[in-house]
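Summary of structural features
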Amino acid sequence: MTPRRQRMVLIGLVVAGVAVSAALALQAFRENVLFFFSPTEIAAGNAPVERGFRLGGMVADGSVARTEGSLTIDFVVTDYAHSIPVSYTGVLPDLFGEGQGVVARGQLNEDGSFTAEEILAKHDENYMPPEVAEALERGRAAGTQ
Amino acid sequence: MGLKRTFHLLGSPPTVYRLAGLLGPWVGIGAVILIAAGTYGGLVLAPPDYLQGDGFRIIYVHVPSAYIGLMAYVLMAVAAAVGFIWHMKIAHAVAVSAAPVGASFTFLALVTGAVWGKPMWGTYWQWADARLVSELVLLFLYLGVMLLRASFDDRDKGDRVSAVLAVVGVVNVPIIHYSVEWWSTLHQGPTIAQLDTPSITMDMLVPLLTMIAGFTLCFAWLILKRVQAEILDRESRARWVEQLVTGASA
C-alpha cells in the first residue's frame, strides 16, 4: 500500500468511525434530542411524565379562554388525533394564536391536563402575503361547506 | 490526461494566484449587483408575511448566511482531505481561507436567528433544540480547526492535524440539515429545499434566491482574495513572488 493510499484509508476510517458513533449516540439519546412531545405520544405513554417536558402541537380553534383581569389563559393543544387542555399564566409570544403551532414547557397533572411554565410559538415553514392567506382561508371555508 | 494536467496546474501556486486575480473582480462585481438587487427585492418589493408582518424579512440574511456556513464547511473539509491525502499545499491554503469566512457566516446565521426568535418564538435560544445546537457546534468546529492549526509552529504539521478535525467534523453537516426532519424541533422545517413545491410565494422567493446567489459570489470572492494572500504568505521566499513584488513596486 502506498503512503498516499494509506492516508486515504486512514481518513476514510476515521470519518466512518465518527459517523457511526454519532449515529449511535444520537439514537441512544433519541428521547432527549426531541424538543417536544405530541399529544399522541403522550397518550401512548412515551413522554417522561415524571419530570417536566415540552408539549407541542396546534392551538385548537375556538379553545382559547382568557381569565378576566389576569394573565391566565386556558387552551387546548391538539395534533388532530389527541388533545390536551393547557393552562398558563404569563406573557405570550406574538405568533401565539388559534390554529398556530405552540410548544408548552411544564408538567402533566393527574387529571390529564397540562400546566405550562413557558409558552413558545412554533412557526411553520409557510411564508405568504396576507392576500394569499385570506384566499386560502376563503378556499378552505368554501371547501368545508 | 486532461484531468491530471488540470490537477497539476491547480497545484501550482503562481497559476492559482493569477487565476484568482483574474476571476476576483468579476466575482466581486457580480456579488455587489446580486446583493443590491436582493436587498431591494427583499426590503421593498416583497410583500409582508400574513403572520409575521415585516419581521420575516430577516430571512433574506438568515437563510443565505446559514447556507454559506454549511457550504464553506464542505469546501473546507474537501480541501483539507485533498491536502491531507495528496500533500497538496494549495488545498491546505483553501482550507485555511474557508475557515474564518465560514465561521463568520455561521455566526451571522446564529445571531439573526436569535434576533428573530425572541419576538416570534418568545425566546432567543433553546438548548434543547437540535437545529440550534448543531449549528452552534458548527461554529465551534470552525473555531476548533482554526485554533488547532494556530497552535502548531510548524505550518505543515498544523495543516495536517487540523485537516483531520476539519474532515471529521463534516459528520455534523447532514445532522444540521436533517435535524428539523429527524427530530421535533422549535425551528421550522425547510421552506425552499423542495424546489418543486416551495412553501413560499414567488414574490418572496425570488429575492431570497437572488440573495443566496449574491452571498455565494461574495463568499467565492472572499475565498479568492484570501487564497491569494495565503499563497503569498506561504511562498514568500519563492522567486516568482519576489519578481511579482519588485515588479509591482518598480
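Keep in mind it's a predicted model, so treat the numbers as computed, not measured.

Before going further, it helps to spend a moment on the interface of chain A and chain B. In this assembly, 37 residues from chain A lie in contact with 42 residues from chain B. Summed over both partners, the interface of chain A with chain B comes to about 3600 Å²; 67% of that surface belongs to carbon and sulfur atoms. In this assembly, chain A and chain B are joined by 0 salt bridges. Inspection of the region where chain A meets chain B yields 15 residue pairs in polar contact (both at pLDDT 80 or more).

Bringing the nonpolar core into the picture now. Judged by nonpolar contacts, the single largest core of 79 residues is most densely connected at Phe75, Phe114 and Ile119 of chain A together with Tyr60, Tyr73, Met76 and Tyr142 of chain B. Top element by residues in this core is helix α3 (residues 59-86) of chain B. It accounts for 13 residues. Domain assignment of the residues forming this core places at least three in each of domain 1 (1-33) and domain 2 (35-122) of chain A. In contact with Tyr73 of chain B, not counting residues within four places along its chain, are Leu138, Leu141, Tyr142, Leu165, Ala166, Gly169, Val170 and Val173 of chain B.

Let's shift gears to the domain arrangement of chain A. Domain boundaries assigned for chain A yield domain 1 (1-33) and domain 2 (35-122). A straight line from the C-alpha centre of domain 1 of chain A to that of domain 2 of chain A covers 40 Å.

This part is about the pairing of strand β1 (residues 53-59) of chain A. Residues and elements named next belong to chain A. Along β1, 6 of the 7 residues are buried, which leaves the element largely enclosed by surrounding structure. Here 6 bridges tie β1 to strand β5 (residues 101-108), and the two strands are oriented antiparallel to one another. When the bridges of β5 are listed, Met58 appears paired with Gly101. Pairing analysis gives 2 bridges linking β1 to strand β3 (residues 72-78), with the strands arranged antiparallel.

Moving on, we get to the packing of α3 of chain B against helix α8 (residues 202-234) of chain B. All names here are of chain B. It is at 9 Å that the axes of α3 and α8 come closest, and there the two elements cross at 40 degrees. As the angle between them shows, α3 and α8 are arranged oblique. Regarding α3 and α8, the two cross each other, and that crossing is right-handed. Seen from α3, the contacting residues are Ile59, Tyr60, Val61, Val63, Pro64, Ser65, Tyr67, Ile68, Met71, Ala72 and Leu75; seen from α8, they are Met204, Pro207, Leu208, Met211, Ile212, Phe215, Thr216 and Phe219. Classifying every residue of the contact of α3 with α8 by side-chain character gives 17 nonpolar, 2 polar and no charged.

Positioned with a positive phi, Tyr80 of chain A is a non-glycine residue whose angle comes to about 70 degrees. Note that Tyr80 of chain A resides in the loop between β3 and β4 (83-89). Given the relative accessible area of 66%, Tyr80 of chain A is considered exposed. The backbone of His87 of chain B shows a phi angle near 50 degrees, a positive value even though the residue is not glycine. Position of His87 of chain B among the secondary structure elements: in the loop between α3 and α4 (89-120).

Conventions used here
Residues numbered from 1 in each chain as written. Chains lettered and ligands numbered in written order. Predicted model: local features only at pLDDT ≥ 70, side-chain atom pairs only at ≥ 80, totals over all residues. Heavy atoms only, no water. Contact = heavy atoms within 4.5 Å. Buried area = accessible area lost by both parts, 1.4 Å probe. Salt bridge = Lys/Arg side-chain N within 4 Å of Asp/Glu carboxyl O. Polar contact = N/O pair within 3.5 Å; in protein donor to acceptor, adjacent residues only side chain to side chain. Core = buried A, V, L, I, M, F, W, Y, C linked by side-chain atoms within 4.5 Å. Buried < 20%, exposed > 50% of the residue type's maximum accessible area, 1.4 Å probe, protein only. Helix = DSSP H or I, 4+ residues; strand = E, 2+ residues; numbered from the N terminus. Domains from an automatic or database assignment. Pairing = 2+ DSSP bridges. Axes fitted to C-alpha atoms, helices over the stretch in contact; angles between N-to-C directions. Parallel < 35°, antiparallel > 145°, perpendicular 65-115°, else oblique. Left-handed = near helix turned anticlockwise from the far one by under 90°. Nonpolar A, V, L, I, M, F, W, Y, C, P; charged D, E, K, R; others polar.

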